[in-house]
Amino acid sequence: MNAPLFKFEYFNTDVSLIIAFAIGIAFGIALEKGGFGRATILASQFYFTNMRVLKVMFTAIVTAMLGLYFLSVVGFVDLSLIYLTQTNMLPMIVGGLIAGVGFVIGGYCPGTSMVAVATGKIDAVVYVIGMVFGIFIFGEMFPSIENFFNSGFMGSVTLPAYFNLSYGFVVFLVVLMAIGAFAAAEWGEKKMAAKAGKEKQ
Amino acid sequence: MISLTKILTHAFEKDESHVHIEMKEKPYSNPYLVGVGLGLVLLAAFVIMGRGLGASGALSTAVAVTVNKIAPEHTSQNNFYKEYIGDENTNPLMDWLIFQTLGVLVGGFISGIISHRVKKGIEKGPRISSKMRLIYAFVGGGLLGYGAKLARGCMSGQALSGGAVLNLGSWAFMMMVFAGGYAAAYFMRRQWI
């Protein structure tokens, strides 16, 4: 086991910030190249006209997941040292619903809004100001919602652990699901394009 | 005088058309290729640092530090702010997510410049005014900020990073984001289509 490199003290925290900046640059380039700096493209996901969000996101998840799985099987990466956000089921479900509604209303998610700001989108600047306001409200309300925030605690738990399946089998299921989703997305886009074509005539 | 205006207008038009050809936007890349690229960036973060990508965390630190500057008494009573401020031995701004998010701004700008896609404007559908669009942008941003904090992360930290490490809560979050998005899409259709 040699990785995660930082956990094996190959470099210190100061160096990690330079790495953070470099990885951020690559992240920003990928998001911009994907068209995620534009709210109209992101929002079209929810009208089935352009399924880029789903395609990019699931391809990225599958790529990183397969890479990690492979590197752990060959003994390079210790999966147990990779940070897992703890699961608090109910607040995550409620937070996810609020975030989903906010996504369609605002047109961006936090990461994509940064790229949109960097490429000159005024609505993204306003969106980020709104996000700061939302975080501030959350912070001010925190003492009264702290109990809810910490409710439904399940610890750091993975899908394989929760469903009592092997890691490799869940990886396989996610790949299958992604392929199904890609096929559905391609089919849906063609349907919507055909419909749009008919309406024009 | 009239001829001068004509010449100027002509020159300007010519110049603009020239600029237009030069600055033609390049089309966006193939989504599956971008996905592989993004996945490799995420994999690099896991292998090098042992953690995934994030976005909302940097803003949370910024909010917490600002509130702490104005009212330190107030933040010391609040576990949310306290977590982002940390103890006196660390500077909360020397943080992985802050530097990573600065990188996203730089990377997005570089990629946009190369492909001639850096252009001042407002993203919206044809049936909504710019003013309404900006109001929605603020409201949506506010909801995202609030929701992401409640869920301990946003699309980057939870859906993408947590998704790749098969985190149970992250997958629940991701499903709920799509559910919330599709449920609200009908009511927002005038903004986008």
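Residues numbered from 1 in each chain as written. Chains lettered and ligands numbered in written order. Predicted model: local features only at pLDDT ≥ 70, side-chain atom pairs only at ≥ 80, totals over all residues.

**Topic: the overall build of chain A**
Stated formally: For the purposes of this entry, the term helix denotes a DSSP run of H or I that reaches at least four residues, the term strand denotes a run of E that reaches at least two, and both are numbered from the N terminus. Three classes are used. A residue is buried when 20 or more other C-beta atoms lie within 10 Å of its own, exposed when 12 or fewer do, and partly exposed in between, with C-beta atoms placed from the backbone. Here the contact rule is simple: place C-beta atoms from the backbone, and any two residues whose C-beta atoms are within 7 Å are in contact.
Per the secondary structure count, chain A includes eight helices and two strands. Ordering the α and β elements of chain A from the N terminus gives α-α-α-β-α-α-α-β-α-α. Its C-alpha atoms give chain A principal-axis dimensions of roughly 60 × 45 × 35 Å. By the burial criterion, 48% of the 201 residues in chain A qualify as buried. Across chain A, the fraction of contacts at a sequence separation of at least 24, relative to all contacts at a separation of at least 6, is 67%.

**Details of the overall build of chain B**
On a plain count of helices and strands, chain B comes out with 10 helices and zero strands. Going from N to C terminus, chain B has its helices and strands arranged as α-α-α-α-α-α-α-α-α-α. Out of the 193 residues in chain B, the part that is buried amounts to 51%. Long-range contacts, defined as pairs at least 24 residues apart, comprise 53% of the intrachain contacts of chain B with a sequence gap of at least 6.

**With respect to the environment of A:Ala20**
By the element assignment, A:Ala20 lies in helix 1 (residues 13-33). Of the residues examined, A:Ala20 has 25 C-beta atoms within 10 Å and is grouped as buried. Between the C-alpha atom of A:Ala20 and that of A:Thr119, which follows or precedes it by 99 residues, the distance is 21 Å. Excluding residues within four positions of it along the chain, A:Ala20 makes contact with B:Trp96, B:Phe99, B:Gln100 and B:Gly103.

**Focus on the environment of A:Met89**
Its place among the elements puts A:Met89 in helix 4 (residues 89-106). For A:Met89 and A:Gly67, which are 22 residues apart along the polypeptide, the C-alpha to C-alpha distance reads 27 Å. Those residues within four positions of A:Met89 in sequence are excluded, and the remaining contacts are A:Gly152, A:Met154, B:Gly169 and B:Ala172.

**What about the interface of chain A and chain B?**
Rules: Under the scheme applied, nonpolar residues are Ala, Val, Leu, Ile, Met, Phe, Trp, Tyr, Cys and Pro; charged residues are Asp, Glu, Lys and Arg; polar residues are all the others, including Gly.
Of the residues lining the interface, 109 residues belong to chain A; the matching set on chain B comes to 109 residues. Elements that contribute at least two residues to the side of chain A that touches chain B include exactly helix 1, helix 2 (39-44), helix 3 (52-73), strand 1 (87-88), helix 4, helix 5 (110-118), helix 6 (122-149) and helix 7 (159-163) of chain A. Looking at side-chain class alone, the side of chain A that touches chain B contains 73 nonpolar, 27 polar and nine charged residues.

**Re helix 6 of chain A**
So the rule is basically this: Multiplying 1.5 Å by the residue count of a helix minus one yields the expected span of that helix. What we call the bend at a residue is the angle made by axes fitted to the seven residues finishing there and the seven residues starting there.
Look at helix 6 of chain A: only 33 Å from first C-alpha to last across 28 residues, short of the 40 Å you get at 1.5 Å a residue. Of all bends in helix 6 of chain A, the biggest is about 80°, found at A:Pro143. All of the buried residues in helix 6 of chain A are A:Asp123, A:Ala124, A:Val126, A:Tyr127, A:Val128, A:Gly130, A:Met131, A:Gly134, A:Ile135, A:Phe138, A:Gly139 and A:Phe149. Buried residues along helix 6 of chain A sit against helix 2, helix 4 and helix 5 of chain A together with helix 3 (56-70), helix 5 (79-85) and helix 7 (130-150) of chain B.

**Notes on the nonpolar core**
Convention followed: Each nonpolar core comprises buried Ala, Val, Leu, Ile, Met, Phe, Trp, Tyr and Cys residues, the members being joined through C-beta atoms within 7 Å.
Counting 114 residues, the largest nonpolar core has A:Met57, A:Ile61, A:Ala64, A:Leu68, B:Leu42 and B:Leu160 as its most contacted members. Among the elements that make up this core, the one with the highest residue count is helix 3 of chain A (12 residues).

**What to know about the domain arrangement of chain B**
Residue and element names in this part refer to chain B. Keep this limit in mind: Where each domain starts and ends follows an automatic or database-derived domain assignment.
Here the domain parsing of chain B yields domain 1 (30-119) and domain 2 (123-193). Computed from C-alpha coordinates alone, the two centres of domain 1 and domain 2 are separated by 18 Å. Taken together, the contact pairs eight residues of domain 1 with 10 residues of domain 2. Considering each element in turn, the side of domain 1 that touches domain 2 owes the most residues, three residues, to helix 3.

**Quick look at helix 3 of chain B**
Three- or four-residue spacings in an α-helix give side chains the same orientation, since the helix completes a turn every 3.6 residues. An ideal rise of 1.5 Å per residue puts 21 Å on 15 residues; helix 3 of chain B measures up with 22 Å between its terminal C-alpha atoms. Along helix 3 of chain B, the residues that are buried comprise B:Ser56, B:Gly57, B:Ala58, B:Leu59, B:Ser60, B:Thr61, B:Val63, B:Ala64 and B:Val67.

**Thoughts on the packing of helix 4 of chain A against helix 9 (residues 168-185) of chain B**
To be explicit about the condition: Helix axes are fitted only over the stretch in contact, all axes being lines through C-alpha atoms; the angle between N-to-C directions runs from 0 to 180 degrees. Should an angle fall under 35 degrees it is taken as roughly parallel, and over 145 as roughly antiparallel, whereas 65 to 115 is taken as roughly perpendicular and any remaining angle as oblique. Note on convention: near helix rotated counterclockwise from far helix by under a right angle means a left-handed crossing. Clockwise means right-handed.
Where helix 4 of chain A meets helix 9 of chain B, the axes come as close as 7 Å, and the angle between the chain directions of the two elements is 40°. Relative to helix 9 of chain B, the element helix 4 of chain A lies oblique. For the pair helix 4 of chain A and helix 9 of chain B, the sense of crossing is right-handed. Along the lines of polarity and charge, the residues of the contact of helix 4 of chain A with helix 9 of chain B split into 18 nonpolar, six polar and no charged.

**Topic: the environment of A:Met1**
Among the structural elements, A:Met1 can be located in the segment before helix 1. Since 13 C-beta atoms lie within 10 Å of it, A:Met1 is described here as partly exposed.

**Thoughts on the confidence of the model for chain B**
Residue and element names in this part refer to chain B. Cut-off, in case you're wondering: For every residue, the predictor reports its confidence as pLDDT, a number between 0 and 100.
Residues with a pLDDT of 70 or more make up 89% of chain B, whose mean pLDDT is 90. Here residues 14-20 scores under 50 on pLDDT; set against residues more than four positions off or in separate chains, the count is zero contacts. In the model output, the complex is listed with pTM 0.91 alongside ipTM 0.96.

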